[in-house]
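Chain by chain, the residues run as shown.
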Amino acid sequence: QVQLVESGGGLVEPGGSLRLSCAASGSMFSINTMGWYRQAPGKQRELVATITRGGTTNYAASVKGRFTVSREDAKKTVYLQMGSLKPEDTAVYYCNAWIARYIGDRSREYWGQGTQVTVSS
């Protein structure tokens, strides 16, 4: 059973920084694109940042230049370094990964349980 477990959320003041981590566990053959999405109250879930196996990154315009996504494949972990945080960054942040469980398996989409990030003074 593949699971994604996030950590690192919390309360931070505007202008502050926070680092989220997401570790994949369980039996798997390969992890392809990993990333982060967020959902604020009353809004739809939106893409924050993704990173491919080759290291190509993609960011939402609203976070470009402030957030950095990275991955450590040996630890099956993806990170989101968030800086210059704004109140509008407040949301539940979800880890996302496309994982093949065995050779020949197609990649399937997995989600973490979410971690709350609150930016407030």
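Everything quoted here is computed from the prediction, not taken from an experiment. Position numbers for residues start from 1 in each chain and track the written sequence from start to end. Only residues with pLDDT of 70 or above have their local features reported here, since the model is predicted, and side-chain atom pairs are shown and tallied only from 80 upward, although totals for entire chains, interfaces and linings are computed over all residues. With hydrogens and water stripped out, all remaining heavy atoms of the structure feed into the side-chain values.

Counted as salt bridges are all cases of a side-chain nitrogen of Lys or Arg within 4 Å of a carboxyl oxygen of Asp or Glu. Within the structure shown, the criterion is met by seven salt bridges. Of the charged contacts in the structure, one is a salt bridge between Glu72 and Lys75, with a shortest N-O distance of 3.9 Å. Three labels apply to residues, based on accessible area from a 1.4 Å probe with only protein chains included: buried if under 20% of the type maximum, exposed if over 50%, partly exposed otherwise in between. With a relative accessible area of 53%, Lys75 lands in the exposed category. Put simply, Arg101 and Asp105 hold a salt bridge, and the shortest N to O gap is 3.4 Å. On the accessibility criterion, Asp105 (12% relative accessible area) is buried. Within this structure, Arg38, Glu46, Arg66 and Asp89 form a network of salt bridges that share partners.

Trp36, Leu80, Met82, Tyr93 and Ile99 are the most contacted members of the largest nonpolar core, which has 32 residues in total. Secondary structure elements are taken from DSSP: a helix is a run of H or I of four residues or more, a strand is a run of E of two residues or more, and numbering for both begins at the N terminus. With five residues, the single largest contributor to this core is strand β9 (residues 91-100). Contact criterion: two residues are considered in contact whenever any of their non-hydrogen atoms come within 4.5 Å of each other. The residues touching Met82, leaving out its near neighbours within four places in the chain, are Gly16, Ser17, Leu18, Leu20, Arg66, Phe67, Tyr93 and Val117. Side-chain atoms within 4.5 Å are what join buried Ala, Val, Leu, Ile, Met, Phe, Trp, Tyr and Cys residues into a set we call a nonpolar core.

Turning to the pairing of β9, a few remarks are in order. With respect to burial, β9 is a largely interior element, eight of its 10 residues being buried. Where strand β4 (residues 30-39) lies against β9, eight bridges are found, and the strand directions are antiparallel. Counterpart to Tyr37 in the pairing with β9 is Tyr94. Strands are labelled as partners when DSSP assigns at least two bridges between them.

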